[in-house]
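Notes for the structure review
The primary structure of each chain is shown beneath.
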Amino acid sequence: MADYVEPTYAEVNQDVLRAMMETGPKYWATLGTSIAVAGICFFIPWFYQLEVGVGVAGMNRSAVWGTYLSNFIFWIGLSHSGTLLSAVLHITNSSWRKAIYRSAEAMTLFSLITAALFVMVHLGRVWFVHWTVPVPNQMGLWPNFRSPLMFDVMAITTYLTASSIFIYMGSVPDFAAVRDASTGLRRKLYTIFSFGWRGTAKEWHTLGWAYTFFAVLVIPLAVSVHSIVSWDFALSLVPGLHHTVFAPYFVTGAIFSGTAGIVTVMFLLRKYMNFERYIREIHLVNLGKLLVLLSLIWTYINIMEVFTTWFSGSSYELEALEWRLTGFYAPMFWEMVLFCAVVPLLILFKRIRTSWRSMLIISILINIGMISERFIIVATSQPRKFLPNAFGFYFPSAIEISITIGSFAVFTTLFLIFVKWVPAVSLYEVKETLKPLRRSR
Amino acid sequence: MSTALEKFKKYRKPGYYDKFDYHWTMSIDLDRCTGCEACVVACQAENNLPIVGEQQFAMRREIKWIRIERYWEGEYPDIKLQFIPMLCQHCDQAPCEIACPVFATYHNQDGLNTQVYNRCIGTRTCAVYCPYEVRFFNWFTYEWDEPLEQQLNPDVTVREKGVMEKCTFCIQRIRQAKDAAKDDSRRRVRDGEIKPACVQSCPTEAMVFGDLNDPDSQVSKMARNPRGYHVLEELNTTPSIVYLKRVHTDG
Amino acid sequence: MSNKINRRDFLKFVGAGTLGAGAGFLAADASKMTTEFLIPQVNLPEDYSPGIATWYHTVCTQCSAGCGISVRTREGRAKKIEGNPSHPVNQGRLCALGQAGLNVLYNPDRIKTPLLRDGERGSGSFSPISWDQALTTISGVLGTLKIQKKANNAYLLSGGVNGHLHELFALFMDQLGSKNYLQHEFSHPASLYAANKACFDEDVLPYYDIRNSKYLLSFGADYLGAWLSPVHHSVSYGHLRQGTEQRGRCVQVEARMSLSGANADEWIAARPGSEGMLALAMAHSIVEQGLYAGADAGDWKQALGAYSPASVAERSGISADRIVRIATEFAAASPSLAIGGGAAGASTNGTANLVAVNVLNYIGGNIGEAGGILFNPASTFSIDAPRPRASYQQMLKLFASLRGNDAEVLILHDTNPVFTLPAAANVKEAVMAVPYVIGMSSFMDETMALADIILPLDTYLEAWGDNIPDPGVGFAVASIAQPVVKRLYDTRSAGDIILALAHQIGGELPANMPWTSMENYLMEMWRSVYRGKSDDSSDQGFRKFWTSILESGVWGESPQQQDRPHQAMGRAMLSAVGMAQPSFAGNESEYRFVMQPYLSLAFHDGRGANLPWMQELPDPLTSIVYNSWVELNPKTAAELAIGEGDVLLVESTVGRFEAPAFIYEAIRPDVVAMPIGQGHGNYGRYASGRGSNPIEILAPETDSGSGGLAWSATRVKISKTGRRVHVIKTDGTTRDLGRNILGQKDGHA
């Protein structure tokens, strides 16, 4: 790191704002491809499904939940790390967070939106989705607050709201920086975005206080959201889902997958937005350590799940476990174990955790493993519940696979739009980490 | 406050139908059931169940509110086959009822687990939660080849895509009988006056339907039979269907 | 002789028949053109009130059992078919196929107008014509034959028609001057009739009193599935099991477990064709043990000498101990009942098998006893002509004469012999050889496609008729079939067509068949029944009687039980006993398996295959839908490395077809079974092009005693084609995995 030259304040502004304002053909090509893929793979199949019926997916009688729901959990999971990590690190005063938290929080926001989209895709009659919202109506009908799905609606909307406010609030000084650096329409727009931020000591003080307040608020929310998502499953009687360990299992899995997601996004930002000077090896190494820790917790919970299942001695649970470990989807299960429990251990080697490329591969593998985990949870338990005569089988249809692929394009599109509207690296917080006396070179 | 709490507790107690009139219950005598599937067609005719087609059947998307499950035991030549009709158990503690975020399924005062098609938004959670797998989702809006639609029962709605459906204990027949009782200035429906389509058709009279709150009803007598049991009793769903196990006399 | 059959119940039912309503207006209404009104008429028809259901009683013709049905109609449309509670055959219950009758009425593939062939014969190309045109053409053809005194060259082949429609057919053919009237039905148990004729000298079947029996021993008869009168048997079965303090026991002897086998307490997988020998061995054992006390015990001892359990054990594959045990149980139970049918009656020794079953009943002392075999009273009804139900050999004879030079006209009514007879019978070629073929049917099928002219029939829910259930229920019963809805299309009932033809043909026919319509004919016939039974001869009295029958749906008489002299019976049986070894087409080394086709619960003999509800009805034993399959023992399958869904080539000495394999746990390793019903080539959108028809490759073996088709006497070989299909079924895992689903285990899973 000897050749690392710390940027000046001005350079920070220049670098970050350039990435925002100067748009090359590469960006447009990426954005265009991304929108096209989202349209073709996600929205067109979805509209077709709306017209014809959810039957175009591969779900059937015993497996009425399919990839739509497993993807929903995956995206909720992916959303986890961003805001949570940012908040935790903010409270613990870990200064290394500052270069990455903005994009991590953005990831949270957009994965939540993608997850919410999957709820829509999943529903049989999405045109009545507003019935899940407790709005007084002439029929005097209310949602069912006993339903874990209702908890979900509440948890996710709250989390979405809190994350949005959190990310927005943190961006206000940066919006002001954009305002100051731009002219014309953009200046007017960012004047509104920045709420007339002037950078007075009082403003900084209020922001600092409010930001910490939200950080404290967001942490339990993030934990609760995925706990609640897990209850969608754990509150059922279904063998393989009816486990008390599910809430921590899901939360750990979520943070695990989210952290891996951040590593991936960091790599891409660094590479394509030229943020090498801000997103540095220390970030990579710290996130790598976190990944190892999470992987170990995740492995432990998995072992516990298998153990308690075996310990129950119940025919239902044992059968479900056997099918999961040795049935049709067993290769996927073992692939998940490999990617989420074994591969992350490689991070223990210094050569690997300091190599951007190997960390990128590991982070992607972890998320493939996590997608598999969610799919296995959904696809291996439901078709084999209590009555053997009703045992079935589930395999996703082409439309489901297409929508799954398309969802990544939806996420990418949102992210690509984001980097042009909001500074992807927090200007003021990065500046805080710089040596204050250096003005310019 | 204490009275409100008591009221609430009483309301939550299984068997709270006492304060109402009926607790509809069905008994199925497996010693009589021959697995002839007459009930399956009776239900299809009465409740406008769709004809889903070969391809949908192959995907296991058949809609049969009542089905016959079969279980083999032993190996050839000492082999036995047993049938068990499976339909919505109208559980008093129904797992599906807590699942629905919009109250499309709930327990009515007669002990029926009802499904409100109009309210259903198709989360399918109820079907996941149901241990008996007797909830059926409309993957498409099914159509009838003309003029088969002329057969459709006008007392029962035809469901559209995206809606969950299941056995209702032929609630339309229950309604009719209750109305008839009211017209006759009777307070209660007579025992045996209501027969769901499956019960009506059963050639061996394996199924009996009636009010469990009436200790003299035929179904109450069946429910007291020592052969009686509930399927998946250990899940504590307290089903409204009492099965009477088959008698095995191995000779 | 005692008779405790639910006579009292029955009389109660008849008296209390409350459902239904007068339907006289319907006939008048039915002849009008259908008009639809957006707003109901101001003056509604008598029984038509929007929102209120009207029930009509009529008779089911989905199989030959003759169950009484009540059809629920709303706003002039049939909505549901239920059993008629007053009817003694089904007592308010109804099977799956019967309930699917609505799919017959509202089938999208019905023939809607008379059709005239406009392409090659057999090409299935037809164009619509008017009724006038059709009837004029046909009466012209028949009239010419009559004038030329060649009417005996006209042939009428009908399905299993019962009651006065049969009488009308017989009368018509007689008046025309033809003796060639036959009825064909695949499920007609020719061997059972022959055996009962030989033993009891009876033309009608006796009543098997399953209801009151305590030990039911069935040799191949799938009495709960497709044998004779399954709904009636099921009602009785329920009573046998749990209707009384003492639960009756059921034992089933058959090579492939049928629905009845699945419900039996004991299933005995005897070699096909050895059922009779087993019955005789049991009789032997009963006589040997001195449990038979009849005066002719000595004769029997001698007659049964050759059938010791030890000697039969090897031939049947059932151990001597087991035979003796069953025999002892059978003799000890009182009352007990042995029945035989299905594959046992369809081997080359079918009649002998069923005679043996009767012998077992005789030795067990069950004849003429409640809970055993009871005799139906001689028909008090006005049907004179016995139904000319053709055995396979008679059918072959018919086809031979159709192929001859003399045959001029063939009238086909509601029958599909091309489908229900083996390809070896060359039905198609015989029909094609007839210069002029008239078809009468509601549906286009393989046989109708060969016709020159097709007259579309009302379905049974739109037509008048009557029915005398056969087998009877121990006392005289008849029921009237009335239209329950206005006819949907420009169709007519077979009776109306015959009467119209009679009028148009002229000669002495109009005078001898003066009735204006089937309804009119029926009423006149029933008037004579009424006159014979009642002193009141006024028209008013008859009208009241008629209405009451329409209202209750059934007419019955207190039993006049007839005793049968036991001694004569014993002598008849002693002389009839004699078992030949069953023979099979195809040598055992090459054709390893005996193929047993069986009547499917959903399709019966194939007629139900065009009903979508039946196509979607999981088979009760395999849960398969929408296709046909070949059942194999798991051991056989393992040996030949066959898995579920492997498409097999099934070859007999006379034909071959392909069908997917299904591993069926309860079938002998040397037997393969297959349901009848699929494999239609031309039978509407729901049936055509699905599966294969096992009847097609049956060798033309017959039962030597009756001439009936021995459909369980064909050997086949099977080989894999290498293709594999997905067998569509509802069953997941068919083992309970130790879970307490059936309530048989203590404690929790």
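It should be emphasised that the depicted structure is a prediction, and the values quoted were computed from it without experimental measurement.

1. A short note on the interface of chain B and chain C
The interface of chain B with chain C comprises 71 residues on the first partner and 84 residues on the second. Of the roughly 6,700 Å² buried at the junction of chain B and chain C (both faces included), carbon and sulfur atoms supply 52%. The tally of links between chain B and chain C comes to 9 salt bridges. Put simply, R74(C) and D155(B) hold a salt bridge, and the shortest N to O gap is 2.7 Å. Connecting chain B to chain C are 40 residue pairs in polar contact (both at pLDDT 80 or more). Listing elements by their share of the side of chain B that touches chain C, those giving two or more residues are helix 2 (38-46), helix 3 (54-58), strand 2 (67-75), strand 3 (78-86), helix 6 (171-183) and helix 7 (197-201) of chain B. Split by residue class, the side of chain B that touches chain C holds 32 nonpolar, 16 polar and 23 charged.

2. Describing the packing of helix 12 (residues 309-316) of chain C against helix 13 (residues 320-332) of chain C
Residue and element names in this part refer to chain C. For the pair helix 12 and helix 13, interaxial distance at closest approach is 8 Å and the crossing angle is 115°. With respect to each other, helix 12 and helix 13 are oriented roughly perpendicular. Like other packed secondary-structure pairs, helix 12 and helix 13 cross with a definite hand, here right-handed. Residue-level contacts link P309, A310, V312, A313 and S316 of helix 12 to A320, I323 and V324 of helix 13. For the contact of helix 12 with helix 13, the residue count by class is 7 nonpolar, 1 polar and no charged.

3. Describing the pairing of strand 2 (residues 68-74) of chain C
All names here are of chain C. Counted residue by residue, strand 2 has 7 buried out of 7 residues, so it is predominantly covered. Residues G68, S70, R72 and R74 point to one face of strand 2 and I69, V71 and T73 to the other, with burial holding for every one of them. Relative to strand 2, strand 1 (residues 54-59) runs antiparallel, the two being bridged by 6 bridges. Residue pairing across strands places V59 opposite G68, the latter belonging to strand 2.

4. Some details on helix 6 (residues 163-176) of chain C
Since the α-helix turns once every 3.6 residues, residues separated by three or four places project in the same direction. Residues and elements named next belong to chain C. Its 14 residues place the ends of helix 6 20 Å apart at the C-alpha level, agreeing with the 20 Å of an ideal helix rising 1.5 Å per residue. Counting buried positions along helix 6 gives 12 out of 14 residues, so the element sits mostly inside the fold. All buried positions along helix 6 are accounted for by G163, H164, L165, H166, E167, L168, F169, A170, F172, M173, Q175 and L176.

5. A look at the nonpolar core
Judged by nonpolar contacts, the single largest core of 349 residues is most densely connected at L217(C) and M614(C). Contacts of L217(C), omitting those with residues within four sequence positions, involve V251(C), V253(C), M282(C), I326(C), F330(C), L337(C), A338(C), I339(C) and L360(C).

6. Description of the sheet that holds strand 9 (residues 215-219) of chain C
All names here are of chain C. Read across the open sheet, the 4 strands follow the order 11-10-9-12; overall the sheet is parallel. Lying at the two open borders of the sheet, with one neighbouring strand each, are strand 11 (266-268) and strand 12 (336-340). Here the strands of the sheet are splayed against their neighbours by 15° on average, with no regard to which way each runs. Of the strands in this sheet, strand 9, strand 10 (249-253), strand 11 and strand 12 touch helix 13, which is tilted by about 135° from strand 11.

7. Observations regarding the sheet that holds strand 16 (residues 453-456) of chain C
Residue and element names in this part refer to chain C. With mixed pairing, 7 strands are arranged side by side in an open sheet as 5-4-16-15-14-6-7. Either end of the sheet is taken by a strand with one partner, and the two such strands are strand 5 (126-128) and strand 7 (181-183). Sheet twist, expressed as the average angle between the axes of neighbouring strands with direction ignored, equals 20°. Relative to strand 14 (residues 409-413), strand 6 (residues 154-158) runs parallel, the two sharing 5 bridges. Within strand 14, the residue paired with S158 across the bridge is H413. Most of the contacts of helix 5 (residues 131-147) go to strand 16, to which it runs at about 120°, and overall it touches strand 6, strand 14, strand 15 (436-441) and strand 16.

Parameters and conventions
Residues numbered from 1 in each chain as written. Chains lettered and ligands numbered in written order. Predicted model: local features only at pLDDT ≥ 70, side-chain atom pairs only at ≥ 80, totals over all residues. Heavy atoms only, no water. Contact = heavy atoms within 4.5 Å. Buried area = accessible area lost by both parts, 1.4 Å probe. Salt bridge = Lys/Arg side-chain N within 4 Å of Asp/Glu carboxyl O. Polar contact = N/O pair within 3.5 Å; in protein donor to acceptor, adjacent residues only side chain to side chain. Helix = DSSP H or I, 4+ residues; strand = E, 2+ residues; numbered from the N terminus. Nonpolar A, V, L, I, M, F, W, Y, C, P; charged D, E, K, R; others polar. Axes fitted to C-alpha atoms, helices over the stretch in contact; angles between N-to-C directions. Parallel < 35°, antiparallel > 145°, perpendicular 65-115°, else oblique. Left-handed = near helix turned anticlockwise from the far one by under 90°. Buried < 20%, exposed > 50% of the residue type's maximum accessible area, 1.4 Å probe, protein only. Pairing = 2+ DSSP bridges. Expected span 1.5 Å × (residues − 1). Core = buried A, V, L, I, M, F, W, Y, C linked by side-chain atoms within 4.5 Å.

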